[in-house]
Amino acid sequence: MDQQTVSRLPATTLRTGIIVGVIGAFSIILAPQIMQSLQLGPAYSQALGMVLHTAFQLVTLFFLPFSAALIAASLVMRYLDGLLARVSQPES
């Protein structure tokens, strides 16, 4: 990888972590309303309801912890980048 890609990596990781967290939060907030609106429809299928319920559970189970891990990784990368920049500077 070139230096420009490496220098953008913490910002990209942070942005990805925030987006994944927002998707997870909206999923938690909107899942009950979506499930209820599907149950009131005339063509409600138990199989479709079970698939959507499982999908919402997986999103809420994985997206928020994964988001926190991505945000933490971006902070660690930014810290290490600053630390390595200070170490690699010649002392005057």
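Residues numbered from 1 in each chain as written. Predicted model: local features only at pLDDT ≥ 70, side-chain atom pairs only at ≥ 80, totals over all residues. Heavy atoms only, no water.

1. Some remarks on the side chain of Thr 13
Then, in step 1: The topology assignment puts Thr 13 in helix α1 (residues 3-40).
Then, in step 2: Ignoring sequence-local partners within four residues, the contact set of Thr 13 consists of Leu 70, Ser 74 and Met 77. (Helix = DSSP H or I, 4+ residues; strand = E, 2+ residues; numbered from the N terminus. Contact = heavy atoms within 4.5 Å.)

2. Digging into the environment of Ser 88
Then, in step 1: Within the secondary structure, Ser 88 is located in helix α2 (residues 46-88).
Then, in step 2: According to the relative accessible area criterion, Ser 88 is exposed, its value standing at 56%.
Then, in step 3: From its side chain, Ser 88 meets the backbone oxygen of Ala 85 in a polar contact 3.2 Å long. (Buried < 20%, exposed > 50% of the residue type's maximum accessible area, 1.4 Å probe, protein only. Polar contact = N/O pair within 3.5 Å; in protein donor to acceptor, adjacent residues only side chain to side chain.)

3. Some thoughts on the environment of Leu 75
Then, in step 1: Along the chain, Leu 75 falls in helix α2.
Then, in step 2: For the pair formed by Leu 75 and Leu 14, sequence separation is 61 residues and the distance between their alpha carbons is 7.8 Å.

4. Points about a nonpolar patch on the surface
Then, in step 1: On the surface, a cluster of nonpolar side chains totalling about 670 Å² of accessible area is made up of Ile 18, Val 22, Phe 26, Ile 28, Ile 29, Leu 30, Ile 34 and Leu 64.
Then, in step 2: Ranked by the residues each element gives to the nonpolar patch, the list is headed by α1, at 7 residues.
Then, in step 3: Position of Ile 29 relative to the elements: it lies in helix α1. (Patch = residues over 30% accessible without salt bridge, like charges linked within 9 Å, V, L, I, M, F, W, Y side chains within 5 Å. Areas by Shrake-Rupley, 256 points an atom, 1.4 Å probe, with all protein chains shown as cover. Salt bridge = Lys/Arg side-chain N within 4 Å of Asp/Glu carboxyl O.)

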